[in-house]
Every structure is written in C-alpha cells, then in structure tokens.
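Architecture at a glance
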Amino acid sequence: MRSKLRRAAPVPENTLGRIQVDRRTKDLTKRLRQGDIAVINHADIDRVSAEALVACRPSAVVNAARSSTGRYPNVGPGILVAAGIPLLDDVGEQVMDAGLEGAPGVLVDEHLMVDGKVVATGTVMTAESVDEAMELADLVVVMSMGRIEQIGKPSDIRARPATPFAREFITP
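What comes next is a walk through the structure. Residue numbers restart at each chain and count upward from 1, following the sequence in its written direction. For a predicted model such as this one, the threshold for reporting local features is a pLDDT of at least 70, and the threshold for listing and counting side-chain atom pairs is 80 or more; totals across whole chains, interfaces and linings nevertheless cover every residue. Side-chain numbers come from the whole structure's heavy atoms, not from hydrogens or water.

1. Quick word on the sheet that holds strand S1 (residues 15–21)
- In this description, strands pair whenever DSSP reports at least two bridges between them. Numbering of helices and strands starts at the N terminus; helices are DSSP runs of H or I of at least 4 residues and strands are runs of E of at least 2. If you walk across this open sheet you meet the eight strands as S7-S6-S5-S1-S2-S3-S4-S8, and the pairing is mixed. With one partner strand each, in any of the chains shown, strand S7 (117–121) and strand S8 (123–124) form the two edges of the open sheet.
- Examined bridge by bridge, strand S4 (residues 87–89) and S8 share two bridges and lie antiparallel to one another. Note on S8: the bridge partner recorded for Asp 89 is Thr 123.

2. What to know about the pattern of salt bridges
- Salt bridge, as used here, is a side-chain nitrogen of Lys or Arg placed within 4 Å of a carboxyl oxygen of Asp or Glu. Enumeration over the complete set of coordinates arrives at 10 salt bridges.
- The salt bridge partner of Asp 97 is Arg 23, with a shortest N-O separation of 2.8 Å. With a gap of 74 residues between them, Asp 97 in the loop between S4 and strand S5 (104–108) and Arg 23 in the loop between S1 and helix H1 (25–28) connect regions that are remote in the sequence.
- Partly exposed residues are those whose accessible area sits between 20% and 50% of the maximum for their type, while under 20% is buried and over 50% is exposed, using a 1.4 Å probe and protein chains only. Under the relative-accessibility criterion, Arg 23 is labelled partly exposed at 42%.
- Linking Glu 101 and Arg 31 is a salt bridge whose minimum nitrogen-to-oxygen distance equals 3.3 Å. Placement of the pair is Glu 101 in the loop between S4 and S5 and Arg 31 in the loop between H1 and strand S2 (37–40), with a sequence separation of 70 residues.
- Its relative accessible area of 41% is what places Glu 101 among the partly exposed residues.

3. Details of unusual backbone geometry
- Here Asp 44, not a glycine, exhibits a phi torsion of approximately 55°, which is positive.
- The class of Asp 44 is buried, set by a relative accessible area of 2%.
- Even without glycine at this site, Arg 57 takes up a positive phi of about 55°.
- Inspection of the secondary structure puts Arg 57 in the loop between helix H2 (47–56) and strand S3 (60–63).

4. Side note on the side chain of Glu 149
- Inspection of the secondary structure assignment puts Glu 149 in strand S10 (residues 147–152).
- Under the relative-accessibility criterion, Glu 149 is labelled buried at 13%.
- Side-chain polar atoms of Glu 149 contact the side chain of Arg 147, separated by 3.3 Å.
- Of the polar contacts made by the side chain of Glu 149, one reaches the side chain of Thr 163; its length is 2.8 Å. N or O atoms within 3.5 Å of each other form a polar contact, as long as, within protein, one can give a hydrogen and the other can take it, and as long as residues adjacent in sequence are counted only when both atoms are side-chain atoms.

By themselves, these observations are geometric and do not establish any function.
Structure representation (structure tokens):
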C-alpha cells in the first residue's frame, strides 16, 4: 500500500554513496559507513534506530516500508530529517532483493538510481510530511517502565507534555 503522503522535497545534489542493504536496521548500522546509502525495510522507524542511523552519517536512507504508518506516532523519521539526511520513503520491498549491496547509487529527486537506471521510487520525506504522518495516529499512550506517563493526541502531547519523559519521547 502506498503512502498518501506525496510531498516532494529537493534532494541535495550529489546525494550518492555505496548502497548497503539490510532488512534489520540494527544489523545494518553495524557495518554502515559515513557516506553510504542505507536501504532498510523498517515500518515506523523508532528513535533508537534513527539515532543509530544518524550516528553512522549515511548520505541517505531509503526505506522499502513506510517510515510512519500512522498506527502510532514515531519520532524516527523526524530525527533523520532534522539531521539533514534525505529519507526516501515507501519504495517497496522489491528493492531489498534487487542485488544492490555495494553498488554505487545516487538519489535523484524521488528516485534511487544505479548505473543511470531507476531501481526504486518513493517519497522524499520533509519536516512537514513527518508532522502530517504523526497526526495520522489517533491517540498515543506514552509509557515508561510499564507506567503510563500520558495519553492523548500527538499534537496535544507535543504542545503540553505531562512529564519530561513524554517530552523526550514525542519530540525528535
């Protein structure tokens, strides 16, 4: 199912790198190097995964899945976008089996290209599209150590976090 978020954002020129592919983000970050293009299949990217990706300093992240499905708010996409890492979203699972590991790739607008051929197409996430995806979730229950910290709409929790933990959880 394709995302309803279709906002395009300019991808910085020369967004290129060696493609690294893994279905498990935490396994990919163990071998991802600065300047690589990370290809993942991670619905609802969480904070821990996004921070691990940012620490590796890839030139871009290409996600086969939707980075924010709307099932619940997740701050991972916002962390990537705020770090200036282009996020090409919802390109489809076929990219995972396309034999791209180690190939030189380049992002051109909403396309991942190898040897001048489009190998994946998706949506470039922006701060606005990340915010919109967060709003698709109806209610959020923020929990810490098995205890409910706050229940509410993502926008309400962002505007008025009840605890320091809720503030940290909901903001990128």
